Amino acid sequence: MNKPKARPALPQAQDLEPGLVVATYGRHCLVETPEGRRLICHPRGKKNQVVVGDQVLWQIAGDEGSIEKLQDRRNLFYRQDEIRTKSFAANLDRVLILIAADPEYSESQLSRALVAAEAERITPIIALNKSDLAQPFAQAWERLAPYRAMGYSVMPISLSPRSPVADDGVQALCAHLQGLTTLVLGPSGSGKSTLINRLVPDAQVETGEISLALNSGKHTTTSTRWYWVPALDTPNAAHADRTALIDSPGFQEFGLHHIEPTRLADCMPDLRAHVGGCKFYNCTHLHEPGCAVLAQVENEHQTGTISVRRHRIYAQLFEELSQQRW
Ligand SMILES: Nc1nc2c(ncn2[C@@H]2O[C@H](COP(=O)(O)OP(=O)(O)OP(=O)(O)O)[C@@H](O)[C@H]2O)c(=O)[nH]1
Ligand SMILES: [Zn+2]
């Protein structure tokens with residue numbers, strides 16, 4: 001006689017433990033417990049796809065863990081192109097966009113990252129690195145004038161080993177990061193690794209350990225990672241008040257397909273300041289008569305609060321986001 005099969009026991013609430021996702025690789029992730037222990041966890045089923053910064057409930061399964069519940073997210077920072085969605089991280093306080101005097105940054109990529117942050121209501125900070133390179137720095141700083149004018153914090157810094165360790169700019173930046181969780185984004189060569197290594201002296205060791213744990217010995221260079229920054233915390237800072245940086249690749253090809261074109265102007269503070277004045281409520285700010293945004297675009301005949309370059313970026317993005325979605 002066939003015995004009735006027992007239904008697999010559902011985990012009891014008391015078996016579940018809280019944890020923070022500190023790295024992801026493919027389908028597995030590394031979870032840190034409130035006591036600071038780290039273990040590999042696997043999401044149960046497809047729906048629990050986690051990202052760095054997620055708070056989860058997990059339970060032990062052998063010497064690894066299984067993620068049973070993903071806690072609600074405050075925000076989720078992501079990019080999306082025609083083919084795939086790539087989440088960067090969740091539950092962020094700030095997005096730090098690190099660009100440099102050299103190599104020259106793309107204003108379009110900068111604007112895309114800012115739009116993505118605005119869309120999730122995460123405060124962005126722009127840091128312009130390599131202030132020791134006087135002439136290219138002056139030019140790059142000038143190009144950032146519209147971003148300062150629209151209210152963003154734009155911070156000059158130098159992470160050069162030749163600069164004084166207590167560079168005033170770096171100290172001012174640190175004051176903006178203290179006690180918060182910040183995702184660091186930037187193009188290749190802008191100084192992201194230099195920044196992380198400056199603030200997290202054990203970063204390289206930790207990165208090696210994470211690669212070993214998650215990828216059974218192979219070196220992974222393309223995953224997102226969480227670092228605590230104890231140097232910026234007061235002794236015995238409460239868990240929620242600790243400083244963290246998240247390092248993530250993928251500034252290139254920053255797709256914004258998850259944003260409706262009609263929302264775009266609201267995610268660009270220089271345009272947003274004027275959309276209320278347009279004659280038509282559904283104005284696209286591209287060609288309409290009585291458009292209060294177009295009236296602010298600088299050109300040879302008029303001075304305004306919106307730079308020609310920014311309006312051009314808006315128009316390109318609008319067009320891109322209006323293409324047929326897949
Ligand atoms: N002159 C100067 N060079 C710097 C400064 N900060 C970083 N660098 C140099 O810039 C180069 C790139 O820095 P990284 O920290 O590797 O840049 P990254 O953003 O991590 O680049 P990827 O790993 O390609 O994403 C290195 O040679 C650094 O030594 C700076 O303030 N001034
Ligand atoms: Zn308009």
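What counts and how
- Residues numbered from 1 in each chain as written.
- Chains lettered and ligands numbered in written order.
- Predicted model: local features only at pLDDT ≥ 70, side-chain atom pairs only at ≥ 80, totals over all residues.
- UniProt positions renumbered as here; feature names shortened; annotations may be inferred.
- pLDDT = per-residue confidence, 0-100.
- Near = placed C-beta within 6 Å.
- Helix = DSSP H or I, 4+ residues; strand = E, 2+ residues; numbered from the N terminus.
- Nonpolar A, V, L, I, M, F, W, Y, C, P; charged D, E, K, R; others polar.
- Buried ≥ 20, exposed ≤ 12 C-beta atoms within 10 Å, placed from the backbone.
- Pairing = 2+ DSSP bridges.

Taking an unreviewed UniProt entry as the reference, the chain is identified by name as Small ribosomal subunit biogenesis GTPase RsgA belonging to Limnohabitans parvus II-B4. According to the UniProt record, the Subcellular location (unreviewed entry) comment for the chain reads "Cytoplasm". Here is the UniProt Subunit (unreviewed entry) comment for the chain, exactly as written: "Monomer. Associates with 30S ribosomal subunit, binds 16S rRNA."

**Digging into the confidence of the model for the chain**
Looking at the chain as a whole, its pLDDT mean stands at 87, while 87% of the residues score no less than 70. Reported for the predicted complex are a pTM of 0.90 and an ipTM of 0.98.

**Considerations on the site of ligand 1**
The environment of ligand 1 is made up of 15 residues, and the closest members are S160, S188, K192, S193 and T194. Ranked by residues supplied to the shell around ligand 1, first place goes to helix α5 (residues 192-199) with three residues. When its residues are assigned to classes, the shell around ligand 1 shows two nonpolar, 10 polar and three charged.

**Things to note about the UniProt feature "binding site: Zn(2+)" (unreviewed entry) in the chain**
Those places that UniProt annotates as "binding site: Zn(2+)" (unreviewed entry) correspond, in this numbering, to C278, C283, H285 and C291. With respect to the element layout, C278 can be found in the loop between α7 (269-272) and α8 (308-322). The exposure class assigned to C278 is buried, which follows from the 20 C-beta atoms found within 10 Å. Mapping C291 onto the fold places it in the loop between α7 and α8. Under the C-beta neighbour-count criterion, C291 is labelled buried, with 20 such atoms within 10 Å.

**Brief notes about the pairing of strand β5 (residues 64-70)**
Strand direction decides the pairing type here: strand β3 (residues 38-43) and β5, joined by three bridges, are parallel. Residue pairing in the sheet places C41 in a bridge with G65 of β5. Two elements, strand β4 (residues 55-61) and β5, share six bridges in a ladder whose sense is antiparallel. Note on β5: the bridge partner recorded for Q59 is S66. Counting the residues that bridge the hairpin from β4 to β5 gives two residues, and of these G62 lies at a positive phi of roughly 70°.

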